[in-house]
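The primary structure of each chain is shown beneath.
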Number of protein chains: 2
Amino acid sequence: MLVLTMWDRPQLDPNSGTPLYRQLYDHFRRAIEIGNLKSGQKLPATRELAGMLGLNRTTVSAAYEILETEGFIAGHVGRGSFVTGTAAPAAKDWGALLRPNRVLETRSGEPVEISFAASRPSSGLFPLEALEQSCREALARGGVSILQLGSPGGYEPLRRYLADEARREGVLSEGDDLIVTNGCQQALDLFSRSLLSPGDHVVVEDPVYPGVKNLFTEADLRLTGLPVGESGIDLDLLEAAIEREKPRAVVVTSNFQNPTGRTMGLDARARLVRLARRSGAVLIENDIYGGLRYRGEAALAIKSIDEAGGTVLLRSFSKIAFPGLRVGWAIGPRPLIGRMKQAKQLTDLHTDQLSQAVLLRFAESGRLEDHRRRVLEAGAERLRAVLDACRAYLPPGTRFTEPEGGMNLWVSLPDPLDAGELLPRAEREGVSYLPGKYFAVSRPEPGGLRLSFAGLEPEKIERGVRILGGIFSAELERVRAARSLEPEPAMV
Amino acid sequence: MLVLTMWDRPQLDPNSGTPLYRQLYDHFRRAIEIGNLKSGQKLPATRELAGMLGLNRTTVSAAYEILETEGFIAGHVGRGSFVTGTAAPAAKDWGALLRPNRVLETRSGEPVEISFAASRPSSGLFPLEALEQSCREALARGGVSILQLGSPGGYEPLRRYLADEARREGVLSEGDDLIVTNGCQQALDLFSRSLLSPGDHVVVEDPVYPGVKNLFTEADLRLTGLPVGESGIDLDLLEAAIEREKPRAVVVTSNFQNPTGRTMGLDARARLVRLARRSGAVLIENDIYGGLRYRGEAALAIKSIDEAGGTVLLRSFSKIAFPGLRVGWAIGPRPLIGRMKQAKQLTDLHTDQLSQAVLLRFAESGRLEDHRRRVLEAGAERLRAVLDACRAYLPPGTRFTEPEGGMNLWVSLPDPLDAGELLPRAEREGVSYLPGKYFAVSRPEPGGLRLSFAGLEPEKIERGVRILGGIFSAELERVRAARSLEPEPAMV
């Protein structure tokens, strides 16, 4: 019994975006679903149908294979294919299959005109021409070696360049090695994969960059968050935490911490090294912002104080140059970096070499330094603008940090304001920021928020903070007015 | 008591590669170690020493901080710094700290003239000029958006391009999404982080690409390796393994499997989908080599047969274009890809955008297709050359696969030859390959080895296999001669 009557001859369109075998599959599936083809009916043989429709026989076979896989037909060797049913298989229950997601994601609402939400450089300062020139020169010099499979440790000419710079600064000594990573985030991941096991204790700053908190949470580590004061992570609390928890690692940001903007002084750095050394904990010095100092004097890198080799230093091109090019590096004791290279090979073989070669050329040629000079000039202006605006517009009782560089400062609104609750109102007025909850490890600060100022021009910074100040002040007045109306409680 | 007499006045060189504070530190450390400065002696105050040496006071403070951190001196507030001892702190015992490495690494010996060891494209075919042009055009079109912080899902113009291509091929349907990764290796890692937990069962091919085996071993998964026959992974054994072990995932290579070069036929693909579906296992279709078919006809992607959405398809530019640029992609059910984007954000934020934009331009402009045509021509020649040479030179009793594309074929030497033992001899004669042990999951094949032919010109392939054939044949003769001298065992 041949089921292919004239009225259900498939209308196939070879010029459609959908492949022919899939059009044929769709045709039969629909015919079965609406009952034009019924259970038990036989389909034409593939050769026969192919001839009839002027198709390649493999096209017909492909359609039949999918129909069979989906449970619409069954093939019997020597007898042909028969319609069996109309039930397509149920979709997988991915909710039950996937690993639970324990990360609080920043949900970006509608795009706003003035966003203080992203800690990233100013697109307006990107030197496209200098970059294009660096591309051309990099390809001319590196040639096909850039395009060929590379090494987990990094593109060798870049590794050598970075190692020489590090030696001159005193952050790479005899027993050290250097690995190129996809930015600092991957360096943290590789470190975690090399040294840490589920259940291990790690001390971090609180508030902290969400990429640290989320990565370690997903790796099932136990996090202790310690507050960040004028001189960085609280070292008295760290001393106690080290006693109590014997952490495997302590992760700190030496310069312009994200989100607080705070910097550790030399004394604090030296004490930190001594504390970590006594306890056997490995120190991670995340120094992604160190190149962005707008005023004041830089302190020695923690890595350069730690002669005995218990510190890993993380740096990156992403804040001083371009976050879209994912190139950072880690410097630390050879055995640890060696293990990180093995982890790197498993996670993605090696870092992209085109960007490594281009950034090398960009740096060697002096263009990076030119660019950084412009970025520092703009950054100084923007920092002044955000501090002036905070002083001028935020309601009395508000505290904010006064960083000397980087991209962020931390605002603590007076009680009982809640930065998370006020965000939608700010977004409606065209301004956004990140409230404290994204950064909190174990001490939530409802009034805390991060202002990332580096990507905005001074005029927008001023306007944005003025709008925020208006919202915060109005809310504060409303709350206080409501409170003053509350009846005086009885004395008991 | 001022210890700084004339004879130990530090000789500092501001033009040396070593920073001044470190030169000063080195000076004092040496003085203490050789006994010129003794325990209890007082060091000059930082201000005093700075004045004496014409240095910035922070330079002296830095040197003192390191001396103190390293345990050579101790500071007492108001009294100054005193020498305390000569013992620098012991270096960390990294062997005890680091996570154990369970990966068998390929140790590259001396570089050889003819290396069949790496599954990578031919550098000689890389079109540098076309790539440079693509760089220029990509920057002109994408502008600063390429350089700015990107999205975990990928550079949007590339994602759209790849998604359109995938829709036309029938491998991306309604419920699917696409994520750009740093090559297929990272897609495997993100998949593992999204779906698999320590102890989970995963079925893989055996022999298999070491990057699969090593990644899953380090993730503490339980691997079942199933042999790879003419039509890919053994489906009868898979059916039994699925019954027995309820694997969470099955990872297969649909085309030109690494290391065997084998390809699954359409029937095998459809049966695989049915098996995986019945068991609830997620299918990973690693199709990194699919674009490199030198002869014969391609079968439908497994992904396109699996209408119910239990398959993830992995592809990459790295074999058809440039492995040095780390850009691949994964296509699969939206909830799974969504979870992989979260994992991507934690592991390295997003894939490098310069390479994404350059490869997009390279593809859109038709240059990728031109390049691929040349690669296919060369590949066909090289495949013929390696098959001819294997037939001509390998000793009788040797078996080898006959792939229709890709970069690799698998050689099984006759008993009792051991490819690993013979490798040093081959390397001494200027030829290398990878012996079976690097690919074995649970069925070691001492006579197995992989020949990666795609990166070598036909003349070298012919010469290399001839040299290998000579070594293998000589060893076979030696063994057989030795055996024939053994006394006939008594009949019992």
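Please read these numbers as outputs of a predicted model, since none were measured by experiment. (Residues numbered from 1 in each chain as written. Chains lettered and ligands numbered in written order. Predicted model: local features only at pLDDT ≥ 70, side-chain atom pairs only at ≥ 80, totals over all residues. Heavy atoms only, no water.)

S.K.: Could you clarify how one ought to interpret the overall build of chain A in this entry?
M.R.: A tally of regular secondary structure across chain A gives 17 helices and 16 strands. Compactness check: chain A gives a C-alpha radius of gyration of 30 Å against a globular reference of 23 Å for 492 residues, more than 25% above the reference. Taken over 492 residues, chain A has a buried fraction of 58%. Of the contacts made within chain A by residues no fewer than 6 positions apart, 73% connect residues no fewer than 24 positions apart. Surface exposure of chain A reaches about 20,100 Å², of which carbon and sulfur atoms provide 50%. In chain A, 62 positive and 63 negative side-chain charges are present, and the distance between their average locations comes to 4 Å. (Helix = DSSP H or I, 4+ residues; strand = E, 2+ residues; numbered from the N terminus. Rg over C-alpha atoms; globule rule 2.2 N^0.38 Å. Buried < 20%, exposed > 50% of the residue type's maximum accessible area, 1.4 Å probe, protein only. Contact = heavy atoms within 4.5 Å. Areas by Shrake-Rupley, 256 points an atom, 1.4 Å probe, with all protein chains shown as cover. Lys, Arg positive; Asp, Glu negative; His and termini not counted. Charge placed at Lys NZ, Arg CZ, Asp CG, Glu CD.)

S.K.: What's the story with the sheet that holds strand E13 (residues 408-412) of chain A in this structure? I'm lost.
M.R.: Hydrogen bonds between backbone groups are what pair the strands of a sheet, and the pairing can be parallel or antiparallel. Residue and element names in this part refer to chain A. With respect to topology, 4 strands assemble into an open sheet ordered E12-E13-E16-E15, the strand pairing being antiparallel. Each edge of the open sheet is held by one strand with a lone partner, namely strand E12 (399-400) and strand E15 (434-435). Across 2 bridges, E12 lies against E13 in antiparallel orientation. Bridge pairing in E13 links Phe400 to Val411. (Pairing = 2+ DSSP bridges.)

S.K.: How should I be thinking about the side chain of Asn214 of chain A in this particular structure?
M.R.: Counting through the fold element by element, Asn214 of chain A comes out in helix H9 (residues 210-218). Setting aside residues up to four positions removed in sequence, Asn214 of chain A forms contacts with Val103 and Leu104 of chain A together with Leu346 of chain B.

S.K.: Looking at this model, I keep getting lost on the interface of chain B and chain A. Mind explaining?
M.R.: The figure often quoted for interface size is the accessible area lost as the parts come together. Of the residues lining the interface, 101 residues belong to chain B; the matching set on chain A comes to 102 residues. When chain B packs against chain A, close to 8,700 Å² is buried across both sides, 58% of that on carbon and sulfur atoms. Here chain B and chain A share 10 salt bridges between them. Here Asp189 of chain A and Arg193 of chain B are joined by a salt bridge, their closest N and O atoms 2.9 Å apart. Remark: the boundary between chain B and chain A carries 56 residue pairs in polar contact (both at pLDDT 80 or more). (Buried area = accessible area lost by both parts, 1.4 Å probe. Salt bridge = Lys/Arg side-chain N within 4 Å of Asp/Glu carboxyl O. Polar contact = N/O pair within 3.5 Å; in protein donor to acceptor, adjacent residues only side chain to side chain.)

S.K.: Sorry if this is basic, but what is going on with the relation of the copies chain B and chain A here?
M.R.: The operation relating the two chain copies consists of a rotation about an axis and a shift along that axis. For the pair chain B and chain A, the relating rotation is 180°, the translation along its axis is 0.0 Å, and the fit reaches an RMSD of 0.1 Å. In symmetry terms, the pair is related by a two-fold rotation axis. Comparing interface residues between copies, 100% of those in chain B also lie at the interface in chain A; the contact surface is shared. (Least-squares fit on C-alpha atoms with pLDDT ≥ 70 in both.)

S.K.: Got a minute to help me understand the packing of aromatic side chains in this structure?
M.R.: To describe a pair of aromatic rings, you give the distance between the ring centres and the angle between the ring planes. Applying the stated criterion to the full structure yields 12 aromatic pairs over all chains. Taking 6.2 Å as the distance between ring centres and 65° as the angle between the ring planes, the aromatic pair formed by Tyr433 of chain B and Phe472 of chain B counts as edge-to-face. With Tyr433 of chain B in the loop between strand E14 (431-432) and strand E15 (434-435) and Phe472 of chain B in helix H17 (residues 458-485), this pair connects stretches of sequence that are 39 residues apart. Accessibility assignment for this pair places Tyr433 of chain B and Phe472 of chain B in one class, buried. Site record: aromatic cluster; members linked through ring pairs are Phe126, Phe322 and Phe362 of chain A. (Phe/Tyr/Trp six-rings, centres within 6.5 Å; stacked < 30°, edge-to-face > 60°.)

S.K.: For this particular structure, what's the right way to read the packing of helix H1 (residues 20-33) of chain B against helix H3 (residues 57-69) of chain B?
M.R.: Angle between the axes and distance between the axes: these two values describe a pair of packed helices. All names here are of chain B. Orientation of H1 relative to H3, taken along the N-to-C sense of each, is 45°, at an axis distance of 8 Å. Taken together, the axis directions place H1 and H3 in an arrangement best described as oblique. For the pair H1 and H3, the crossing hand works out as right-handed. Of the residues in H3, those in contact with Leu20, Tyr21, Arg22, Leu24, Tyr25, Phe28 and Arg29 of H1 are Thr59, Val60, Ala62, Ala63, Tyr64, Ile66 and Leu67. The residue makeup of the contact of H1 with H3, split by class, is 11 nonpolar, 1 polar and 2 charged. (Axes fitted to C-alpha atoms, helices over the stretch in contact; angles between N-to-C directions. Parallel < 35°, antiparallel > 145°, perpendicular 65-115°, else oblique. Left-handed = near helix turned anticlockwise from the far one by under 90°. Nonpolar A, V, L, I, M, F, W, Y, C, P; charged D, E, K, R; others polar.)

S.K.: Could you clarify how one ought to interpret the pattern of salt bridges in this entry?
M.R.: Should their charged atoms come close, side chains of opposite charge can pair. The final tally for this structure, using the stated rule, is 78 salt bridges over all chains. Across the pair Glu475 of chain A and Arg478 of chain A runs a salt bridge whose closest N-O atoms are separated by 3.0 Å. Of this pair, Glu475 of chain A and Arg478 of chain A both sit in helix H17 (residues 458-485), 3 residues apart, which is roughly one turn of that helix. Taking the shortest distance from any N to any O, the salt bridge between Glu239 of chain B and Arg278 of chain B comes out at 3.2 Å. With Glu239 of chain B in helix H10 (residues 235-245) and Arg278 of chain B in helix H11 (residues 266-279), the pair connects residues that are 39 residues apart, well separated along the chain.

S.K.: I'm lost on the environment of Leu24 of chain B in this one. Help?
M.R.: All names here are of chain B. Within the element layout of this structure, Leu24 appears in helix H1. A relative accessible area of 0% places Leu24 in the buried class. Through-space distance from the C-alpha of Leu24 to that of Leu67 is 9.9 Å; in sequence the pair is 43 residues apart. Here Leu24 is in contact with Pro10, Leu12, Leu49, Leu53, Leu55, Val60 and Ala63, once residues within four sequence places are set aside.

S.K.: How do you make sense of the pairing of strand E2 (residues 80-83) of chain A when you look at a structure like this?
M.R.: Looking along a regular strand, one sees the side chains alternate between the two faces of the sheet. Residue and element names in this part refer to chain A. Relative to E2, strand E1 (residues 73-76) runs antiparallel, the two being bridged by 4 bridges. Counterpart to His76 in the pairing with E2 is Gly80. The hairpin formed by E1 and E2 contains 3 residues between the paired strands, and Gly78 there has a positive phi angle of roughly 85°.

S.K.: Just to check I follow, could you spell out the environment of His76 of chain B for this structure?
M.R.: Tracing the chain through its elements places His76 of chain B in strand E1 (residues 73-76). Each C-alpha atom of the pair His76 of chain B and Asn56 of chain B lies 22 Å from the other, and the pair is 20 residues apart in sequence.

S.K.: In this structure, what is going on with the environment of Ala299 of chain A? I would like to understand it.
M.R.: All names here are of chain A. Examined against the element boundaries, Ala299 turns out to sit in the loop between strand E9 (282-286) and helix H12 (302-305). A C-alpha to C-alpha distance of 83 Å links Ala299 and Arg79, two positions 220 residues apart in sequence. Residues within four places of Ala299 in sequence aside, it is in contact with Met264, Leu266 and Arg269.

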